[in-house]
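Architecture and fold: a report
These are the residues of each chain, in order.
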Amino acid sequence: MNRLLAPLLVALLAAAPSFAFAHVSLEQNSAQAGSTYKAVFRVPHGCDGSPTRAITVFLPEGFVGAKPMPKAGWKLETKSEKLAHPYDSHGTKITERVAVVSWSGGRLLDSEYDEFIVRASLPKEAGSTRIRVLQECEKGATDWNAAPTPENRDPAHPAPKLDILPSGASGGHHH
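Quick caveat, the model's predicted, so the values are computed rather than measured.

Moving on: the pairing of strand E11 (residues 141–144). Side-chain alternation along E11 places Thr 142 and Trp 144 on a buried face and Ala 141 and Asp 143 on a face that remains uncovered. In this structure, strand E10 (residues 132–137) lies alongside E11, joined through four bridges in antiparallel fashion. Counterpart to Leu 134 in the pairing with E11 is Asp 143. Linkage of E10 to E11, two consecutive antiparallel strands, is achieved through a turn of three residues, within which Gly 140 is found at a positive phi near 80°.

This part covers the state of the cysteines. In this structure the tally under the stated criterion is one disulfide. Across a sulfur-sulfur distance of 2.0 Å, Cys 47 and Cys 137 are joined as a disulfide pair. Across the S-S bond of Cys 47 and Cys 137 the torsion is about 70°, and the bridge reads as right-handed. Taken together, the residues Cys 47 in the loop between strand E3 (36–43) and strand E4 (52–58) and Cys 137 in strand E10 connect sequence positions 90 residues apart.

About the thresholds
Residues numbered from 1 in each chain as written. Predicted model: local features only at pLDDT ≥ 70, side-chain atom pairs only at ≥ 80, totals over all residues. Heavy atoms only, no water. Buried < 20%, exposed > 50% of the residue type's maximum accessible area, 1.4 Å probe, protein only. Helix = DSSP H or I, 4+ residues; strand = E, 2+ residues; numbered from the N terminus. Pairing = 2+ DSSP bridges. Disulfide = S-S within 2.5 Å.

Dropping the structure here:
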């Protein structure tokens with residue numbers, strides 16, 4: 001084997017497992033409270049080798065004014081729910097919100113990567129939230145809905161986590 005290629009191959013093989021266990025994740029995992037947030041859900045693989053056929057995002061309470069980005073070749077659907085506390089937006093009374101967004105009918109191969117995007121206004125309160133994502137495949141499904149617990153710090157299917165920072169705080173990581 002070529003002396004120059006050998007170390008490269010070793011490096012690639014060492015990196016390979018991290019791809020195999022990649023999770024559905026958010027491109028930006030922190031944003032300011034009360035801001036408009038573009039949630040980019042990164043889907044790095046199918047379900048155990050099976051192509052992804054649908055992605056459903058369950059927006060947490062407090063996420064309002066959600067607008068999903070259509071994707072060519074995928075059917076976009078939203079489900080709304082009544083708001084417990086209607087609010088005023090530019091003089092219009094808002095009484096419901098988009099709570100569930102789903103893209104279906106496409107076919108994302110296990111070997112491919114794609115992104116699914118929703119824009120929404122974030123709650124005015126700071127804190128962390130998890131956004132459940134249901135990934136349905138030709139064979140099986142993966143429900144990305146878990147949160148780490150003291151007993152299980154690394155659940156198999158964690159829901160993407162978003163840190164909502166106090167408004168006026170600069171971006172970056174706060175612990």
